[in-house]
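Spelled out from the first residue to the last, the chains are:
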Amino acid sequence: MGPWEGEWPAGEHFDPELLENGDRRNVLDEFRYWRHEAIVAQLDTRRHPLHVAIENWQHDLNIGTVVRTANAFNAAQVHIVGRRRWNRRGAMVTDKYLHVRHHPTVEDFVAWAHGEGLVVLGVDIFPDSVPLETYELPERCVMVFGQEGPGLSEEMRAAAKATLSIAQYGSTRSINAASAAAVAMHAWIRRWEFGQRV
């Protein structure tokens, strides 16, 4: 969007620099020309109780895409478990509108989740995984995604109440970790925003 045309709108949530020079950010139209802090504050009033966690032991490039999807579904927080540094490229700056929290170990993360009353759910393909499509997702939960290739760590798998798998019908053994995260988050949205029970 180019510079604001006509009389400037009133309100402290508007950014004078953006009104003058234009807003080229990838934000919803309702947030055009808003200050960054005002957007985050507004999102905070309507965040979902869904949390998303990603294990980051090998600097997985999928993390940025998972963060971007968590922003799209307005997750409460995104949790990085393992290495603090992660590749932000795929996030497309959406991490600035989320609350991203780091946990150095699985133990730290699980203790935090239990302290918050959140159910830890892994998303991965194991012989004993439960189909996501038939699992009654709790409203207050944290979905944990492993890295591309190795998947969830054994420690995380053991800590999860359940591990959920996504039904597949082609020849590939698994779908991309970022794609799996999008499917799982959308399943939560269908259940708790649209009331679609399994």
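Think of each chain on its own: its residues are numbered from 1, step by step along the sequence as written. Reporting of local features is limited, given that this is a predicted model, to residues whose pLDDT is at least 70; pairs of side-chain atoms are given and counted only at 80 or more, and all residues count toward the totals for whole chains, interfaces and linings. To get the side-chain values, all heavy atoms of the structure are used, and hydrogens and water are removed first.

Glancing now at unusual backbone geometry. Within the chain, tyrosine 33 stands out as a residue other than glycine whose phi angle is a positive 70°. Along the chain, the position of tyrosine 33 falls in the loop between α1 (16–21) and α2 (36–44). In this scheme, a residue with accessible area under 20% of its type's maximum is buried, one over 50% is exposed, and one in between is partly exposed, where area comes from a 1.4 Å probe on protein chains only. What makes tyrosine 33 buried here is its relative accessible area of 5%. For asparagine 74, which is not glycine, the phi dihedral falls at a positive 55°. Helix and strand assignments come from DSSP, with helices taken as H or I runs of at least 4 residues and strands as E runs of at least 2, each series counted from the N terminus. Mapping asparagine 74 onto the fold places it in the loop between α3 (63–72) and β2 (77–82).

Salt bridges are counted wherever a side-chain nitrogen of Lys or Arg sits within 4 Å of a carboxyl oxygen of Asp or Glu. Under the defined criterion, the tally for this structure stands at 10 salt bridges. Note that arginine 32 and aspartate 23 form a salt bridge whose closest N and O atoms lie 3.9 Å from each other. In this pair, the class of arginine 32 matches that of aspartate 23, namely buried. Residues glutamate 154 and arginine 157 are paired through a salt bridge, measuring 3.8 Å at the closest nitrogen-oxygen approach. Placement of both glutamate 154 and arginine 157 in helix α5 (residues 154–159) is noted, with a separation of three residues, approximately one turn of the helix. The exposure class assigned to glutamate 154 is exposed, which follows from its relative accessible area of 57%. One network of salt bridges, in which partners are shared, links Asp23, Arg25, Asp29 and Arg32.

Let us now look at the pairing of strand β1 (residues 50–56). The buried count for β1 comes to seven of seven residues, which makes it a mostly enclosed element. Of the two faces of β1, both are covered, the one formed by Leu50, Val52, Ile54 and Asn56 as well as the one formed by His51, Ala53 and Glu55. Relative to strand β6 (residues 141–145), β1 runs parallel, the two being bridged by five bridges. Across the sheet, the residue bridging to alanine 53 is valine 144, located in β6. By the convention used here, strands pair only if DSSP detects at least 2 bridges between them.

So, on to helix α4 (residues 106–115). Buried within α4 are the following residues: Val106, Phe109, Val110, Trp112 and Ala113. Viewed along the axis of α4, the buried residues span an arc of 160°, placing them on a single side of the element. In this structure, α4 carries Glu107, Ala111, His114 and Gly115 as exposed residues pointing more than 90 degrees from its buried face. Contacts were defined at the residue level, with two residues in contact if any of their heavy atoms lie within 4.5 Å. Its buried side turned inward, α4 meets β1, β2, β3 (100–103), β4 (119–123), β6 and α5. What the arc covers is the set of directions going from the helix axis to the C-beta atoms.

The next point concerns the packing of aromatic side chains. Aromatic ring pairs are defined here through the distance separating the ring centres and the angle between the ring planes. Here a pair means two rings of Phe, Tyr or Trp (six-membered ring of Trp) with centres within 6.5 Å. Their orientation is stacked below 30 degrees between planes, edge-to-face above 60, and tilted elsewhere. Applying the stated rule across the entire model yields four aromatic pairs. Taking the centre distance of 5.1 Å and the plane angle of 70° together, the rings of phenylalanine 31 and tryptophan 34 count as edge-to-face. Its relative accessible area of 3% is what places phenylalanine 31 among the buried residues. Grouping aromatic residues by their ring pairs yields a cluster made of Trp4, Phe14 and Tyr33. Criterion for a charge above a ring: Arg CZ or Lys NZ at most 6 Å from the ring centre, at most 35 degrees from the ring normal. A cation over a ring is seen here: arginine 191 above tryptophan 192, with NZ or CZ 4.0 Å from the ring centre.

Treat this as a map of the structure, not an account of what it does.
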